[in-house]
Amino acid sequence: MANKLSEIDWFKWNGVSCVDYGIHVLTQPTIVRPVERVDYQDIPARSGSLAFLEGENIYDDVTLECGCIVESADRIMDICGWLKGYGTVEFAARSNGFYRGRVANQVSFDKVVQGNPHRAFNLQFRCKPFFYLHSGNSAITLSSNPQTLVNPGNIPSEPLIKLTGTGSDQYIMCGGATMLITGFTGIGSLYLDCEEKMAYSIVGGQTTLMGGRIQGDWIQLSEGNSYFAYSSGISSVEITPRWRCI
């Protein structure tokens with residue numbers, strides 16, 4: 001059983017624990033459901049308003065705030081150098097996954113008590129609206145065609161798909177989406193990043209965009225069961241599902 005504050009109240013930024021910087025978390029962020037991106041319009045002579053969604057599963061960013069103390073002001077320079085840029089943040093209050101975002105506020109390191117070396121500060125992380133499950137970071141190599149994939153999240157995920165194959169005019173299918181691959185010549189494996197809407201290959205450590213070799217719909221893995229199928233010219237399919245929740 002954990003018996004120290006550092007073992008139960010923490011956050012991790014890009015995989016590094018705040019405890020490594022002498023930081024302890026006093027207040028964890030509240031778990032929030034993001035707001036749908038919607039436009040409300042009033043109609044003359046009609047009660048209420050009409051809601052126009054920007055799209056399915058389109059949400060605004062969320063702001064997650066935690067209150068912290070640092071044991072020594074001598075660590076402040078290191079902390080400021082660490083908490084920068086874009087990255088992943090994981091909290092003890094919800095440790096089965098992570099958010100993607102950046103530190104959004106000006107950070108003020110305030111004295112707790114005169115003569116005490118501890119400094120208090122608040123962090124605000126502005127994050128994408130999705131909570132990504134750690135289990136969705138593990139690649140799944142398909143062993144049958146078709147194969148059932150079970151999404152444990154509560155919204156569709158947008159996976160990273162690695163395809164190896166030969167020949168031209170191949171395809172992959174999932175749900176109501178079909179993507180055509182014109183050919184694998186000269187590239188070995190083709191990567192389809194369905195979240196970033198980007199196709200690329202990696203040859204000799206060099207990444208090359210391959211948008212010209214694909215046509216059709218980007219794949220999503222719906223909540224519950226999804227059935228993934230592919231053509232005979234594709235010899236291997238590896239899916240990093242990126243399961244997520246709101």
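Everything below is about the structure shown above.
So, here is what we can say about the structure in this document. (Residues numbered from 1 in each chain as written. Predicted model: local features only at pLDDT ≥ 70, side-chain atom pairs only at ≥ 80, totals over all residues. Heavy atoms only, no water.)

### Considerations on the side chain of Gln 28
Note that Gln 28 resides in the loop between strand E3 (23-27) and strand E4 (38-42). Within the structure, the side chain of Gln 28 is placed 3.2 Å from the side chain of Asp 9, a separation counted as a polar contact. In this structure the side chain of Gln 28 is engaged in a polar contact, spanning 3.3 Å, whose partner is the backbone oxygen of Trp 10. Sequence-distant contacts of Gln 28, that is, excluding residues within four places in its chain, are made with Asp 9, Trp 10, Glu 65, Phe 91, Ala 92 and Ala 93. (Helix = DSSP H or I, 4+ residues; strand = E, 2+ residues; numbered from the N terminus. Polar contact = N/O pair within 3.5 Å; in protein donor to acceptor, adjacent residues only side chain to side chain. Contact = heavy atoms within 4.5 Å.)

### Points about the pattern of salt bridges
By the definition in use, this model includes nine salt bridges. With its nearest N and O atoms 3.9 Å apart, the salt bridge here joins Lys 128 to Glu 195. Of this pair, Lys 128 sits in the loop between strand E10 (119-127) and strand E11 (131-133) while Glu 195 sits in the loop between strand E17 (189-193) and strand E18 (198-203), and the two are 67 residues apart along the sequence. Given the relative accessible area of 26%, Lys 128 is considered partly exposed. On the basis of relative accessible area, Glu 195 is assigned to the buried category, the value being 13%. (Salt bridge = Lys/Arg side-chain N within 4 Å of Asp/Glu carboxyl O. Buried < 20%, exposed > 50% of the residue type's maximum accessible area, 1.4 Å probe, protein only.)

### A few points about the sheet that holds strand E22 (residues 234-240)
Within the open sheet, the six strands sit side by side as E12-E22-E14-E17-E18-E19. Their pairing is antiparallel. Every other strand in the sheet has two partners, leaving strand E12 (140-141) and strand E19 (206-209) as the edge strands with one partner each. (Pairing = 2+ DSSP bridges.)

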